[in-house]
Amino acid sequence: MITLPNKAKQFLVLLLKVLVVVGAFYFIYERLASNEQLDWVKFQQLVWSKASFWSVLLVLFLSFLNRFLEILKWQNLVQVIKPISVLEASEQVLGALTLALFTPNGIGEYAGKALFFEKIKTKKVIFLNLICNGIQLILTVIFGVFGLLYFNTQFHVISSTAVLVLFGLCVLLLGIFFLTKSLKIKGYSIEKLIHKVNELPKSVHQKNILLGVLRYLTFSHQYYFLFLLFDVQIPYLVLIATITSVYFLASSLPTFQFLDFAVKGSVAVYFFGLLGVNEWIVVFISTLMWFLNTVIPVVIGSYFVLNFKSKWKS
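All values reported here derive from a predicted model rather than from experimental measurement.

(A) Representation of a positive patch on the surface. Where like charges cluster on the molecular surface, the positive patch consists of Lys-123, Lys-124, Lys-192 and Lys-196. Counting only elements with at least two residues in the positive patch, the list comes to helix H6 (122-155) and helix H8 (190-199). Among the secondary structure elements, Lys-124 is positioned in helix H6. Since its relative accessible area comes to 32%, Lys-124 is described here as partly exposed.

(B) Geometry of the UniProt feature "transmembrane region" (unreviewed entry) in the protein chain. Summarizing the sequence annotation, UniProt attributes the feature "transmembrane region" (unreviewed entry) to residues 12-29, 51-69, 126-151, 157-179, 223-250 and 280-306 in the numbering used throughout. The distance from the first to the last C-alpha atom of residues 223-250 is 14 Å, and the span holds 79% helix and 0% strand. Helix and strand shares over residues 280-306 are 100% and 0% respectively, and the end C-alpha atoms of the span are 37 Å apart.

(C) Up close: the packing of aromatic side chains. One pass over the structure, following the stated rule, counts 13 aromatic pairs. Measuring from centroid to centroid gives 5.4 Å for Phe-64 and Phe-68, while their planes differ by 10 degrees, and the two rings are stacked. Of the two residues, Phe-64 and Phe-68 both sit in helix H3 (residues 53-78), 4 residues apart, roughly one turn of that helix. For Phe-68, a relative accessible area of 26% puts it in the partly exposed group. Measuring from ring centre to ring centre gives 4.6 Å for Phe-143 and Tyr-216, while their planes differ by 10 degrees; the resulting arrangement is stacked. Separated by 73 residues along the polypeptide, Phe-143 in helix H6 and Tyr-216 in helix H9 (residues 202-229) bring together distant segments of the chain. Among the residues examined, Phe-143 registers a relative accessible area of 29% and is labelled partly exposed.

(D) Just the pattern of salt bridges, in detail. Within this structure, the stated rule accounts for 4 salt bridges. Residue Arg-215 is joined to Glu-70 by a salt bridge in which the shortest nitrogen-to-oxygen separation is 3.1 Å. Placement of the pair is Arg-215 in helix H9 and Glu-70 in helix H3, with a sequence separation of 145 residues. Note on Glu-70: relative accessible area 3%, which makes it buried. Among the salt bridges present, the one from Lys-113 reaches Glu-109, with a minimum N-O distance of 3.0 Å. Here Lys-113 and its partner Glu-109 are both found in helix H5 (residues 108-114), 4 residues apart, which amounts to about one turn of the helix.

(E) Fine view of unusual backbone geometry. For Asp-231, which is not a glycine, the phi torsion comes out positive at approximately 65 degrees. With respect to the helices, strands and loops of the structure, Asp-231 is situated in the loop between H9 and helix H10 (236-251).

(F) Examining the packing of H3 against helix H4 (residues 86-99) more closely. Taken N-terminus to C-terminus, the directions of H3 and H4 make an angle of 110 degrees; their axes are 9 Å apart at the nearest point. For the element pair H3 / H4, the angle class is roughly perpendicular. Both H3 and H4 take part in a crossing whose hand is right-handed. For the pair H3 and H4, contact is made by Arg-67, Phe-68, Glu-70, Ile-71, Leu-72, Trp-74 and Gln-75 and by Val-86, Ala-89, Ser-90, Gln-92, Val-93, Leu-94 and Leu-97, respectively.

(G) Spatial organisation of a nonpolar patch on the surface. Residues Val-56, Leu-60, Phe-291, Ile-296 and Ile-300 make up a contiguous nonpolar surface patch of about 380 Å² in total accessible area. Looking at the nonpolar patch element by element, the count peaks at 3 residues for helix H12 (residues 279-306).

(H) Up close: the environment of Leu-137. Structurally, Leu-137 can be placed in helix H6. Each C-alpha atom, one on Leu-137 and one on Ser-251, is 8.1 Å from the other, the two residues being 114 residues apart in sequence.

(I) Molecular detail of H10. Between its terminal C-alpha atoms H10 stretches 22 Å, which fits the 22 Å expected from 16 residues at 1.5 Å a residue. Counting buried residues along H10, 12 of its 16 residues qualify, which places the element largely inside the surrounding structure. Restricting attention to buried positions, one finds in H10 the residues Val-238, Leu-239, Ile-240, Ala-241, Thr-242, Ile-243, Thr-244, Ser-245, Val-246, Tyr-247, Phe-248 and Ala-250.

Reading the values: the criteria
- Residues numbered from 1 in each chain as written.
- Predicted model: local features only at pLDDT ≥ 70, side-chain atom pairs only at ≥ 80, totals over all residues.
- Heavy atoms only, no water.
- Patch = residues over 30% accessible without salt bridge, like charges linked within 9 Å, V, L, I, M, F, W, Y side chains within 5 Å.
- Areas by Shrake-Rupley, 256 points an atom, 1.4 Å probe, with all protein chains shown as cover.
- Salt bridge = Lys/Arg side-chain N within 4 Å of Asp/Glu carboxyl O.
- Lys, Arg positive; Asp, Glu negative; His and termini not counted.
- Charge placed at Lys NZ, Arg CZ, Asp CG, Glu CD.
- Helix = DSSP H or I, 4+ residues; strand = E, 2+ residues; numbered from the N terminus.
- Buried < 20%, exposed > 50% of the residue type's maximum accessible area, 1.4 Å probe, protein only.
- UniProt positions renumbered as here; feature names shortened; annotations may be inferred.
- Phe/Tyr/Trp six-rings, centres within 6.5 Å; stacked < 30°, edge-to-face > 60°.
- Axes fitted to C-alpha atoms, helices over the stretch in contact; angles between N-to-C directions.
- Parallel < 35°, antiparallel > 145°, perpendicular 65-115°, else oblique.
- Left-handed = near helix turned anticlockwise from the far one by under 90°.
- Contact = heavy atoms within 4.5 Å.
- Expected span 1.5 Å × (residues − 1).

Printed below as a string of structure tokens:
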């Protein structure tokens, strides 16, 4: 086996860090510059005519709160391995987010967070990140299903028969889940996973759920507030139901982090089109949400990536 000199290893690590950061910025630029649906002149004119100091401050605060709640979630979960500060949790969450930018459905985040810990703790870190993301997914499904049902009562996008069929499929999937939970694949089973989840302290789960709900309410109402800012006058329940439906359906589609706004935007265009909202307003708001909640954290995370020192040792 060829052993590289220490200086060569340091150079390769530095080169990898720079490539990750440069790649992140390139993808962000490419997504924004190549989107032909974005009329930046029109966007600037509308923002300057509608936005006030307090409205801009509120939007930025909600972006900060959204990511900060995610940081607190991770700090809460990782304490079962070792207590970490908010700064350390921020470094791990934002650094991993930057690494996940190029991977399908942000799967690179799991490897990114694991690199901050010793190799022996890799499985535990991946498991905790699964719990961290899992509660957010469950909340997206719960709020999304209720939102979709309410939206359907108003606009009848899906027939009553289709709703019953979907409900039947959900019951069938739950039945399959309980029947196969003991089935082992390479030593792993759903039952074993549930057992491991139950091993975590109840206080950790309760705090994780609370922070997850607060985070969901934060970014969904940031979306809601942006529509108000762009003079979209739609009743609160209808607008929130549409937002939760869009997030639910968009989250069901496989995508990359850097394409997230395009996927959510295309789903949003259809749903908000039924409400009579101009397509370009929906595209701008979806892009702005992506910029505020992904691009800005990735920019900050790039700093942590460049200063990263791996603890992933055997």
